[in-house]
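Coordinates in review
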Amino acid sequence: MSDTTEITVLLVDDDPLLRAGLSFMLGGAGDLRVVGEAGDGREVPALVERLRPDVVLMDIRMPHVDGLTATERLRALPDAPEVVLLTTFHADEQVLRALRAGAAGFVLKDTPPAEIVAAVRRVAAGDPVLSPAVTRQLIGQVAEDGAHTRRARARERLATLAPREREVALAVGRGASNAEIAAELYLSVATVKAHVSRVLARLGLDNRVQIALLTHDAGHPAAPPPDGPASPGR
């Protein structure tokens, strides 16, 4: 983050009224500050370079460069901010594309304001965020699409991990928090965090959502959807 108390946010949506509403809502939270706005994904890289936001809150559907393409371009940059995509529809192949590109998660536009604020805070802290409805449909979509090829490739990637790293990765895939993994494997929370970081580095992944997708691809069951908008923290 930009400092220990303030989370800076870049808003990207082609609807100026929605941007105004989001800006007002986020600005009402004492620890959040909107540092910039854009109406299209093509403006994002330059604004990110200039403003250095902690989080980009971005619409998935925009007329020129959509949120998916903007996410792919943004996450390819060094020191990229976290991205949360706003959507009016539930999970499909576009959700998978964005998560695999490194988006920290999805929030439906009809999510209550307090939960959107909480989602921005969680993402800034390194926690992936998925609305429960997105999680349910995401799991179904993953299960239907190219299962055999994906499973073989995912298992090959998991096999490159050390045994303890693999155990941690599978626990992340089940939705366990660092504290839960530490208790299960008789490790300290700091050691679990170190293992998670090594798993991300070894597999070339950006966040815990991608670890969970990989373990699910490999045939390991995912956790049931959470009751709230966010999955366990990093």
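So, a few notes on the structure that sits alongside this text.

Here is what the cut-offs are and how they apply
- Along every chain, residues carry numbers that run from 1 in the direction the sequence is written.
- Note on the predicted model: pLDDT of at least 70 is required for a residue's local features to be given, and 80 or more for side-chain atom pairs to be given and counted; whole-chain, interface and lining totals, by contrast, use all residues.
- Think of the side-chain values as coming from all heavy atoms in the structure, minus any hydrogens and water.
- Runs of E in the DSSP output that reach at least two residues are strands. Runs of H or I that reach at least four are helices, and both are numbered from the N terminus.
- Buried means the residue's accessible area, taken with a 1.4 Å probe over protein chains only, is under 20% of the maximum for its type, while exposed means over 50%, and partly exposed covers the values in between.
- It only takes one pair of heavy atoms within 4.5 Å for two residues to be counted as in contact.
- Computed with the Shrake-Rupley method and a 1.4 Å probe, the accessible areas treat only the protein chains shown as cover for residues.
- By definition, a salt bridge exists where a carboxyl oxygen of Asp or Glu is found within 4 Å of a side-chain nitrogen of Lys or Arg.
- Whenever two N or O atoms come within 3.5 Å, that pair is a polar contact, provided that in protein one can donate a hydrogen and the other can accept it, and provided that, for residues adjacent in sequence, both atoms are side-chain atoms.
- Two strands pair if DSSP finds at least two bridges between them.
- Note that the arc is computed from the directions linking the helix axis to the C-beta atoms.
- Among buried residues, the Ala, Val, Leu, Ile, Met, Phe, Trp, Tyr and Cys ones that are joined through side-chain atoms within 4.5 Å form a nonpolar core.

The helix and strand tally for the chain stands at 11 helices and six strands. Scored against the burial criterion, the 234 residues of the chain give a buried share of 50%. Considering only residue pairs separated by 6 or more positions, the chain has 69% of its internal contacts joining residues 24 or more positions apart. About 10900 Å² of surface is accessible on the chain, with carbon and sulfur atoms providing 52% of the total.

Take the pattern of salt bridges next. Applying the stated criterion across every chain yields a total of 11 salt bridges. Among the ionic pairs, Arg19 bridges to Glu37, the shortest N-O distance being 3.1 Å. Note that Arg19 is positioned in helix H1 (residues 16-27) and Glu37 in strand S2 (residues 32-38), a separation of 18 residues in sequence. Judged by its relative accessible area of 16%, Arg19 is buried. Classification of Glu37 as partly exposed rests on a relative accessible area of 36%.

We now examine the side chain of Glu165. Assignment of secondary structure puts Glu165 in helix H8 (residues 163-173). Of the polar contacts made by the side chain of Glu165, one reaches the side chain of Arg198; its length is 3.5 Å.

Of all six residues that make up strand S4 (residues 82-87), six are buried, and the element is covered over most of its length. Where burial is concerned, the two faces of S4 agree: the one with Glu82, Val84 and Leu86 and the one with Val83, Leu85 and Thr87 are both buried. As paired elements, strand S3 (residues 55-59) and S4 share five bridges and run parallel to each other. Paired with Val56 across the strands is Val83, a residue of S4.

Within helix H9 (residues 178-185), the full set of buried residues consists of Asn178, Ile181, Ala182 and Leu185. End-on, the buried residues of H9 take up no more than an arc of 100°, which puts them together on one face. Among the structural elements, H8, helix H10 (189-203) and helix H11 (208-217) are those in contact with the buried residues of H9.

The tendency in soluble globular proteins is for nonpolar side chains to be buried side by side. One finds Val12, Val56, Met58 and Leu85 to be the most contacted residues of the largest nonpolar core, which totals 23 residues. Not counting the four nearest positions on each side in its chain, Met58 is found in contact with Val12, Val44, Gly67, Ala70, Thr71, Val83, Val84, Leu85 and Leu86.

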